[in-house]
Each structure stands twice: as C-alpha cells, then as structure tokens.
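Commentary on secondary and tertiary structure
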Amino acid sequence: APCMVCMEETEVHEHICGENCPAQVCVGCLKQNYEMMIAESYPSMLKPMRCVCPDALIVPASKWQEWVDSESVETWNLRTKQLLSFQCGSCHSRKSLLHEGSEETETEGRNEWNTALESMAEAVRTELTATLTRYMTGEATQHDVVPLLVAAFNSESNDVPLRALSLSIADRERRACLQSAFLYQYPRVQSNCCQRLHCFKCRTKDFHDGRTCEENSASKYRFSHILPCPKCGIALTKSEGCSSVSCPCTPGSTFNWKSAMNQHLSLGLLQAH
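Note that the structure is a prediction, hence the values are computed from the model and not measured.

**Comments concerning unusual backbone geometry**
Even without being glycine, His 15 reaches a positive phi, approximately 50°. Tracing the backbone through its elements, the reader meets His 15 in the segment before helix H1 (27–40).

**Quick notes on the pattern of salt bridges**
Under the definition given, this model contains nine salt bridges. As a salt-bridge pair, Asp 209 and Arg 188 come within 2.9 Å of each other at their nearest N and O atoms. Linking Asp 209 in the loop between strand E4 (197–199) and helix H9 (213–221) with Arg 188 in strand E3 (residues 188–190), this pair joins segments that are 21 residues apart in sequence. On the accessibility criterion, Asp 209 (53% relative accessible area) is exposed.

**Concerning helix H5 (residues 122–137)**
An ideal rise of 1.5 Å per residue puts 22 Å on 16 residues; H5 measures up with 23 Å between its terminal C-alpha atoms. Taken together, the buried positions of H5 are occupied by Leu 128, Thr 131, Leu 132 and Tyr 135. Buried residues of H5, viewed axially, fall in a sector of 100°; they line one side. Looking at H5, the residues exposed on the side facing more than 90 degrees away from the buried face are Glu 122, Ala 123 and Thr 133. Looking at the buried side of H5, the elements it contacts are helix H4 (103–118), helix H6 (142–152), helix H7 (162–168) and helix H8 (172–185).

**A look at the packing of H6 against H8**
Remark: H6 packs on H8, axes separated minimally by 9 Å, with the N-to-C direction vectors making an angle of 60°. Classified by the angle between their axes, H6 and H8 sit oblique to one another. Crossing hand, H6 versus H8: right-handed. Two secondary-structure elements touch here, H6 through Gln 142, His 143, Val 145, Val 146, Leu 149 and Val 150 and H8 through Cys 177, Leu 178, Ala 181, Phe 182 and Gln 185. In terms of residue class, the contact of H6 with H8 is built from eight nonpolar, three polar and no charged.

**Considerations on the nonpolar core**
Formed by 69 residues in total, the largest nonpolar core has its most connected members in Ile 16, Tyr 34, Trp 64, Trp 113, Leu 149 and Phe 182. Not counting residues up to four positions away in its chain, the partners in contact with Leu 149 are Trp 113, Leu 128, Val 160, Leu 162, Leu 165 and Phe 182.

**Things to note about the state of the cysteines**
Evaluated as defined, the whole model comprises zero disulfides. No disulfide involves Cys 3; its sulfur sits 3.7 Å from that of Cys 6, the nearest cysteine. Looking at Cys 3, the relative accessible area reads 0%, which means it is buried.

**Side note on the packing of aromatic side chains**
This structure, assessed with the given rule, holds six aromatic pairs. Between Phe 182 and Tyr 186, the aromatic rings sit 5.3 Å apart at their centres with planes inclined by 40°, giving tilted as the arrangement. Taken individually, Phe 182 and Tyr 186 each receive the classification buried, so the pair is uniform in this respect. One aromatic cluster is present, built from ring pairs that chain together Phe 86, Tyr 184 and Phe 200. Residue placement shows Arg 174 over the ring face of Tyr 135; its charged tip is 4.2 Å from the ring centre. Looking at Arg 188, its charged tip hangs above the ring of Phe 207, at a distance of 4.6 Å from the centre.

Conventions used here
Every chain's residues receive numbers from 1 upward, in the order its sequence appears when written. The predicted nature of this model means local features are confined to residues of pLDDT at least 70 and side-chain atom pairs, given and counted, to a pLDDT of 80 or more, with totals for whole chains, interfaces and linings taken over all residues. Side-chain numbers here rest on the full set of heavy atoms in the structure, without hydrogens or water. Each helix corresponds to a stretch of at least 4 residues labelled H or I by DSSP, and each strand to a stretch of at least 2 residues labelled E; elements are numbered beginning at the N terminus. What makes a salt bridge here is a side-chain nitrogen of Lys or Arg within 4 Å of a carboxyl oxygen of Asp or Glu, nothing more. For every residue, the accessible area (1.4 Å probe, protein chains only) is compared with the maximum for its type, and the residue is labelled buried under 20%, exposed over 50%, or partly exposed between those bounds. The length a helix should cover is 1.5 Å for every residue beyond the first. The reported arc concerns the directions from the helix axis to the C-beta atoms and nothing else. Residue contacts are counted whenever heavy atoms from the two residues lie within 4.5 Å of one another. Axes, fitted as lines to C-alpha atoms, cover a helix only where it is in contact. Angles between the N-to-C directions of the axes lie from 0 to 180 degrees. Just so you know how the angles are binned, under 35 degrees is roughly parallel, over 145 roughly antiparallel, 65 to 115 roughly perpendicular, and the rest oblique. In this scheme the handedness of a crossing depends on how the near helix is turned from the far one: anticlockwise by less than a right angle means left-handed, clockwise means right-handed. By the convention adopted, Pro, Cys, Tyr, Trp, Phe, Met, Ile, Leu, Val and Ala count as nonpolar, Lys, Arg, Asp and Glu as charged, and the other residues, Gly among them, as polar. By convention a nonpolar core is built from buried Ala, Val, Leu, Ile, Met, Phe, Trp, Tyr and Cys residues, the set being connected through side-chain atoms within 4.5 Å. We call a pair of cysteine sulfur atoms a disulfide when they lie within 2.5 Å. Only centres within 6.5 Å qualify two rings of Phe, Tyr or Trp (six-membered ring in Trp) as a pair; their planes then separate them into stacked at under 30 degrees, edge-to-face at over 60, and tilted for everything else. Look at NZ for Lys and CZ for Arg. If either is within 6 Å of the ring centre and within 35 degrees of the ring normal, a charge sits over the ring.

All we've got here are geometric facts, nothing functional implied.
This is the structure we're talking about:
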C-alpha cells in the first residue's frame, strides 16, 4: 500500500492513533515526523505527539518511541522534566517537580488513584474519567481536567492525590502537562531538595501568603517587560515589536501585550486594596 505522506509503495503502519485511525504511513515518514516534533519542542513547551491523520489524536508514547532514535527519546524525556523545572530558593539547585518513580512506585500510584476513584460519587467519577480519557487522546486539554479534579475532592487542592494520578499516566508528556496546569492554578509547592515552600507560578520563596500572584507580580514587575501568559501563566518577555504577541501554549492565537499588561497591573493593584 502507498504511504499517505510520501506516496511510496512500501510497508506501512496502520491504526497509528487508535483502531479507527485511517492513516497508512511508512516508518521513514513516521520517524521524520516525530523526530521533527521533538526537535521543535523546548523546555517551556511540549508538542503533543499527534497523529498525521485528520483526527490528529495523540499517539501513545509506547508507539512513536519505536519509530525514532534513542537520542530523540532522551531529548523528549528531558523536555518533560524541564517543563516542571524549578530552582529552590534555599540551596539554589534546580530540579524537576515532575512526578516520577520506579515501575513499583507507578503501580502503587495507579492503585492509589483507583482507590480514590472508587470513593467518588458515580456521576463525578464518570465525568472525571471520561474527561481524563479524552485528555489522553488529545480531545480534551489539561485545563478541562484540573477544575473537575479539584471539584471531585471538594478541595482547594490539598486533598487532590495529584502524585497518584500523575504516576498512573504512562505518557510523560500528558503527565507533565497536567501537573504543570495544576500547579499554575494551585501553585503552593515545596522544593524537592530542601522542602522549602514556594509559589510555582511566580517563583516566590516562602510563598506570598495574604497576596495573590497578581498582587505579587504587579509589585515586582510593574516597570519591567515581563508578563504571564493569560492562558498558561508562563512568564513572557517582550523587548520590541508590535503589541500582538503569541505564546507557544496556543499556536495561532495572539493577545494584545499592552492591554494584557494594563489589565494584569490593574488587577494586582485592585486586589491590593
């Protein structure tokens, strides 16, 4: 059968992103596609490894890793850790907050998460598990999962077994993106090395109790060129050019830098009073 990418008559792979996937692609094109996607990712932005078919669902890591070289897999693993890179305010060492563990630890995480699911009301469990399933295929985003996750445990975040859920997710990109989204919304974390309290979102040592992230960053960056992305919260900087700015978290989407900065500072000042 011909490869739908290069049109060469050769052996092709089918069911790339699932049983209903119509793609028929040769290993050479698959290798080039996914290695290019890895090369185009960088520490603050991971590209979901989507299929080349029209549905563009996420391809499980267990599949695409068979088609790329070992160096690309190592780079990808590094990028997932870098997404949650965090420098401790005490010892100044930089480590990743990404939840990782041995095969035994991940099995324990899955068991703990399954136990947590069983304790939920059926309607809550059904909605959450359905959204998580859609998240794993790329049909839902991490931003769809986080509010359901917190609501399921009737918590501001402390009672959410995030580590158990993370360890139950085999795909490192899906795991890292969900954990990152959760921490940007509920940013109270401890460094792995010194167990020192920090704000993950605005990187404040000892957190900023009594002040929101907006108040804290408004007081620190009022005269700077740093602004958190309105969508994902990552710090962006602009030195020149027009006010139309895009963030890697939402390709093809832009926002007005001047308007967003004015709104960000105004919100911080209003909350301060």
